[in-house]
Amino acid sequence: MTIVSNDPSSWPIINSNIFFTYWAVAASVVVVYDWALTLGQEIELIWRQRWSLMTMLYLVIRYIGIVPHPVVSVLRTSHTRCV
């Protein structure tokens, strides 16, 4: 159940949550944009070559921040509650 209050003392918390959400969306857009721009080069230079330790490290570093991001976003928004 959502509790909504018009108490002015909770406005800074609401504003900081909105600010954080805008920054999270902006960061996500930048990451997806970068991924879309470099996907062709990644397919050519990484996915079509022989697999090695460096290839695996590159892919882990590249996708470790992208894959869990939607999960964290969903968990964060499911626990948000306005007072």
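Caption draft 1: The overall build of the protein chain, seen in detail. Summing up its helical and strand segments, the protein chain has three helices and zero strands in all. When the helices and strands of the protein chain are placed in sequence order, the string is α-α-α. Within the span of the protein chain, comprising 83 residues, buried residues form 8% of the whole. Of the roughly 7200 Å² of accessible surface on the protein chain, 74% is carried by carbon and sulfur atoms.

Caption draft 2: Structural context of the confidence of the model for the protein chain. The predicted model of the protein chain has a mean per-residue pLDDT of 81, with 76% of residues at 70 or higher. At the level of individual helices and strands, the protein chain shows its lowest average pLDDT in helix 3 (residues 68–78), which scores 66, and its highest in helix 2 (residues 53–63), which scores 90.

Caption draft 3: Structural view of the pattern of salt bridges. Across all of its chains, the model carries two salt bridges by this definition. Across the pair Arg-62 and Asp-34 runs a salt bridge whose closest N-O atoms are separated by 3.4 Å. With a gap of 28 residues between them, Arg-62 in helix 2 and Asp-34 in helix 1 (residues 11–47) connect regions that are remote in the sequence. On the accessibility criterion, Arg-62 (17% relative accessible area) is buried. A salt bridge links Glu-42 to Arg-62; the nearest nitrogen and oxygen atoms lie 3.0 Å apart. One end of the pair, Glu-42, is in helix 1; the other, Arg-62, is in helix 2, and 20 residues separate them in sequence. Per residue, the accessibility class of Glu-42 equals that of Arg-62, and both read buried.

Caption draft 4: Representation of the environment of Tyr-58 in the model. Along the chain, Tyr-58 falls in helix 2. If near-sequence neighbours (up to four positions away) are discounted, Tyr-58 is found in contact with Glu-42 and Ile-46.

Thresholds applied
- Residues numbered from 1 in each chain as written.
- Predicted model: local features only at pLDDT ≥ 70, side-chain atom pairs only at ≥ 80, totals over all residues.
- Heavy atoms only, no water.
- Helix = DSSP H or I, 4+ residues; strand = E, 2+ residues; numbered from the N terminus.
- Buried < 20%, exposed > 50% of the residue type's maximum accessible area, 1.4 Å probe, protein only.
- Areas by Shrake-Rupley, 256 points an atom, 1.4 Å probe, with all protein chains shown as cover.
- pLDDT = per-residue confidence, 0-100.
- Salt bridge = Lys/Arg side-chain N within 4 Å of Asp/Glu carboxyl O.
- Contact = heavy atoms within 4.5 Å.

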